[in-house]
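Structural features, examined
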Amino acid sequence: MPPRRSQRISGSTKAKSSTARSASGKNKAIIAQPANKRRKLALTALTLPDDSEDEDTEEEDVDDSDAEKDVTPPTKQGGQRDTTAPARKRYVKGKRGILQKITDTPLDVLFEIFSYLEPLDLLRLGRTIKDLRALLMSKSSAFVWERARLAMKNLPPFLDDLTEPQYANLLFDSSCHECGKHTINTVQWEARLRLCKHCLQDGSIMTADEDYLVDLSSRYRDLMLVTPKYILTGQRLTLIYFHLPAYRRLAEECSSMNDQSFQVWISNKGGEYSALVQGCRAYQRWSSLKKYGRNSELRSLRRERMTSIIHRLEADGWSDELRDFDTLMTLEKHKLVRQSKALTERIWTNICPTLTKVVSDARTAILTRKINTAISRRVASLQELCKPLLAKMSEREASPSASMIPRLEPFFSLIKNTPFELDITTADFSEALESLPDTCALWRRQRDADLKKILLKNDHSDNLALAMNTFTCKSSSCLALCPPLLHYPHLASHPCFVGNVKMGDKANTGLNTSVNVWDPQSITTVTGRLREDFEDIIRMCGLDPAVATAEDMDAVQAFFIEAEGACSRVRVMDWRGAMGYVKEHPATRVKRVSDAHLISRAQILNAFDLAAELNSEFRTESFVCVHCDMTDLSSRDAREWHLISGHNIPRGTDPANHFRRSLKYGYTFTKHVGF
């Protein structure tokens, strides 16, 4: 119970009547308020000055309190003190001396005010001045701490091994008990400690080194079971930290006991430790619920702040941008928005320019995204329109793929310059599609110029039609999938020679729709000894390597086999297959099949039977329609449907009369022929 007579903490034994009446009036004012406002008014009563004349001189008090004279005079050059120089003022943040009036307040009034504070408030108040600390830490003030503790809701039972200030410090203060570091949320309940990670792992208070405990006592196994501990669970490792002062105290207490006395003693300590652990579980649950409640409160504050910011931005005319999901996510993750603080007019005035710029940038991102969507839709539509037109072009003059067309003029300008709000239909593309043959011809000339540069760089003839002028892929990403040789004019279809670029430009880098373009960076030509082997293959066909073209070689219809082979199956190749085989097997020679060989030409033609492959149900080589040059007809169903729908040819006719093999991808027709 508080003392009945009014006493003062320090100063004169006689109280001024005006001060007592003023404090009594404040006490009555606090009691008259609702319970949810009493704590705030109690804290205010501790800090407001009592005399009315202080209100008139508030600015002077602030000036005097903010600047303190530095008792140490400045130094001269060389480290000596300059006693003649005027003392400099040291500016201190906050108001100093604001609690000096509290020493003149009667104790019954102070205790009445303290009764409306929380335990953490009493802790912080006791750390302000020495007189308050001496008052709050005395045994006569225990009822104040008890009343503050009982006013807290959902607290577990009181820990009898702690005093009221120690209890409040353990539960409500977030500072490390060893180094004073703030915001430490982990409590070692069994040891009654709140330690940071560094102090926990330091080893001076708690240790996870069991070997050290073994050295302290020979009965370490039993003592570790009853020693307060803290279990730290990590992703890969779980550590058990033991409280060293408690372990030393237990080891010293049982050091002189015999075995029988020790068994009785350790049994009693085991019961005490079980009760300790059971009590700590209640505090662990309370701490978890408190943390969850605090997190919920912070989330609620962040939601309210976000809602208030959105309303203010909508009032400024950003409603359309705030309907976008990505914009809301960007705004919610911004450091000025993701704060657990109420939004005031002053705060909004400070953060409004920054958040307005964020929403403005989001408007640009939304516009870019709409443009990308429109361009992607147009590119896909154009590619579908170009595929049947490109398939009808002659395979002897390779054309760009449908994925390359959007990057070529006039299609590129039509796709990019048309306002994205408008849809480009088939009719809009029709005029541009009429110029598709001219566009492909221009693309071929540019591609041929690139290939001629490669040939001239290696001192070869720039005649691309020569059978000698073959190319290879030097890309390291798909060497295992690349054919050994690539022949003109169909090497443009090789995937390594097709680059990927965006439809945007330097002025609009946000456009991320990608299309393919011709890229000769991975192309090289055959040189050296391998080129001499190719010349021998052409001479075997009776042609001059300097002037023989690929069409001349195809007209000869020559077949080749391995020069050295005595097995029942012989590898038979056309001239392209022979060149590729020599490249892959440098030590192997090939020779042309003649009438003198055991293998007959009938067997060879049977191995290359076109009708048998056309009637196969499996996807084999690519074939070309002889009526319209339609390519990429690999499956039997596709070829039959093409004849019915495109040329009104009934099903059941001989496909060998309507299709021929395609040279578009440089197939070599390598076969095995048995005897």
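Use the structure listed above.
Right, let's walk through the structure included here. Keep in mind it's a predicted model, so treat the numbers as computed, not measured.

What counts and what doesn't
- Residues numbered from 1 in each chain as written.
- Predicted model: local features only at pLDDT ≥ 70, side-chain atom pairs only at ≥ 80, totals over all residues.
- Heavy atoms only, no water.
- 1 Å grid on protein atoms, 1.4 Å probe; cavity = no way out; pocket = protein on both sides within 12 Å on 5 of 7 lines; lining within 4 Å.
- Points joined across faces, edges and corners; volume = space filled by probe spheres on them.
- Helix = DSSP H or I, 4+ residues; strand = E, 2+ residues; numbered from the N terminus.
- Pairing = 2+ DSSP bridges.
- Contact = heavy atoms within 4.5 Å.
- Axes fitted to C-alpha atoms, helices over the stretch in contact; angles between N-to-C directions.
- Salt bridge = Lys/Arg side-chain N within 4 Å of Asp/Glu carboxyl O.
- Buried < 20%, exposed > 50% of the residue type's maximum accessible area, 1.4 Å probe, protein only.
- Expected span 1.5 Å × (residues − 1).
- Bend = angle between axes of the 7 residues up to and from the residue.
- Patch = residues over 30% accessible without salt bridge, like charges linked within 9 Å, V, L, I, M, F, W, Y side chains within 5 Å.
- Areas by Shrake-Rupley, 256 points an atom, 1.4 Å probe, with all protein chains shown as cover.
- Lys, Arg positive; Asp, Glu negative; His and termini not counted.
- Charge placed at Lys NZ, Arg CZ, Asp CG, Glu CD.
- Core = buried A, V, L, I, M, F, W, Y, C linked by side-chain atoms within 4.5 Å.

Time to look at the layout of surface pockets. If you add up the space inside the largest pocket, you get close to 1,000 Å³. With 10 residues, helix α14 (residues 259–315) is the single largest residue contributor to the lining of the largest pocket.

Here we come to the sheet that holds strand β3 (residues 206–207). The strand order across the open sheet built from 3 strands is β3-β5-β4, with neighbouring strands paired in antiparallel fashion. In this open sheet, the two edge strands, each paired with only one partner strand, are β3 and β4 (229–233). One ladder, built from 5 bridges, connects β4 with strand β5 (residues 238–243); its direction is antiparallel. Bridge pairing links Leu232 to Leu239 in β5. Lying on the sheet, helix α13 (residues 244–253) is in contact with β3 and β5; it crosses β5 at an angle near 55°.

Turning our eyes to something else, we now look at the pattern of salt bridges. Side-chain pairs of opposite charge can arise whenever the charged atoms involved come near each other. Summed over all chains, the structure comprises 19 salt bridges. Asp320 is the partner of Arg323 in a salt bridge, and the nearest nitrogen-oxygen pair spans 2.5 Å. For the pair Arg323 and Asp320, one class covers both residues: exposed. Here the salt bridges share partners, and the residues they tie into one network are Arg529, Glu532, Asp533 and Arg589.

What follows is about the sheet that holds strand β6 (residues 470–473). One open sheet accounts for 3 strands, arranged β7-β6-β10; its pairing is antiparallel. The open sheet has two edge strands with one neighbour each: β7 (486–487) and β10 (523–525). Here helix α20 (residues 436–457) sits on the sheet and contacts β6 and β10; the angle it forms with β10, its principal contact strand, is near 45°.

Its 47 residues place the ends of helix α17 (residues 345–391) 67 Å apart at the C-alpha level, agreeing with the 69 Å of an ideal helix rising 1.5 Å per residue. A maximum bend of about 45° is found in α17 at Ile351, where proline Pro353 lies one to four positions downstream.

With that settled, the discussion passes to the pairing of β6. Burial of the side chains of β6 extends over both faces: Thr470 and Thr472 are buried on one face and Phe471 and Cys473 on the other. Relative to β7, β6 runs antiparallel, the two being bridged by 2 bridges. The residue bridging Phe471 from the neighbouring strand is Leu486, located in β7. Sheet analysis places β6 next to β10, joined by 3 bridges and oriented antiparallel. Within the sheet, the bridge partner assigned to Cys473 lies in β10 and is Ile523.

This part is about a negative patch on the surface. Side chains of Asp209, Glu210, Asp211 and Asp215 sit close together on the surface and give a patch of like negative charge. Along the chain, Glu210 turns up in helix α11 (residues 210–216).

Now for the nonpolar core. Grouped together as the largest cluster of nonpolar side chains are 46 residues, with contacts concentrated most on Phe114, Leu122, Leu171, Trp189 and Leu223. Elements with a contribution of two residues or more to this core: α5 (107–114), α6 (119–126), α7 (130–136), α8 (142–150), α9 (164–172), α12 (220–226), α13 and α14. Ranked by residues supplied to this core, first place goes to α14 with 9 residues.

Nothing here speaks to function; it is geometry throughout.
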